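Each chain is listed here by its residues.
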Amino acid sequence: MEKPTETNAAKNEFNSGVDSASGRIHRAIDSAAEAGSPAIKQVTASAHNTVDKMASGVNHAAEAISKKGVQLQHLQQQLTEGTRDQVRSHPLMSLGVAVAGGMLFSWWLSHRSGGHNAK
């Protein structure tokens, strides 16, 4: 399971990559603007705004994904602890459910593979 510090490191690395790509795009736009007329300068200003909006959107999406990842980690921990508590509280019933589930799964697989052989 990924720890929150690993998630933050990954998010920081991703944001750094987005910032780096954004900077390269801005430099390319600036070099195109230096060679041109006022109309090109206006287009490059618009391009700069577009790149900034895109970078902001990507960073916002990465932040939202990171938050959801942390929430999912907490949910996984809660479900694991709840299941562990139930198994400890009712060991025989847990064993019975596991055996019944295994038998049902085995029956399903044998009928599934048997149907393919009959065709």
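Keep in mind it's a predicted model, so treat the numbers as computed, not measured.

1. Notes on the confidence of the model for the protein chain
Atom-level detail of predicted coordinates should not be read off regions where pLDDT is low.
Right, on to step 1. When pLDDT is averaged along the protein chain, the result is 84, and 88% of the positions lie at 70 or above.
Right, on to step 2. Put simply, helix α1 (residues 4-34) is where the protein chain has its lowest mean pLDDT, 78, and helix α2 (residues 38-89) is where it has its highest, 90.

2. Some points on a nonpolar patch on the surface
Right, on to step 1. Judged by side-chain polarity, Leu104, Phe105, Trp107, Trp108 and Leu109 come together as a nonpolar surface patch covering roughly 560 Å² of accessible area.
Right, on to step 2. Note that leucine 109 resides in helix α3 (residues 91-118).
Right, on to step 3. On the accessibility criterion, leucine 109 (36% relative accessible area) is partly exposed.

3. Some details on the environment of asparagine 49
Right, on to step 1. Its location among the elements puts asparagine 49 in helix α2.
Right, on to step 2. The partly exposed category is assigned to asparagine 49, whose relative accessible area is 45%.
Right, on to step 3. As a C-alpha pair, asparagine 49 and histidine 26 span 23 residues in sequence and 9.7 Å in three-dimensional space.

Conventions adopted
- Residues numbered from 1 in each chain as written.
- Predicted model: local features only at pLDDT ≥ 70, side-chain atom pairs only at ≥ 80, totals over all residues.
- Heavy atoms only, no water.
- pLDDT = per-residue confidence, 0-100.
- Helix = DSSP H or I, 4+ residues; strand = E, 2+ residues; numbered from the N terminus.
- Patch = residues over 30% accessible without salt bridge, like charges linked within 9 Å, V, L, I, M, F, W, Y side chains within 5 Å.
- Areas by Shrake-Rupley, 256 points an atom, 1.4 Å probe, with all protein chains shown as cover.
- Salt bridge = Lys/Arg side-chain N within 4 Å of Asp/Glu carboxyl O.
- Buried < 20%, exposed > 50% of the residue type's maximum accessible area, 1.4 Å probe, protein only.

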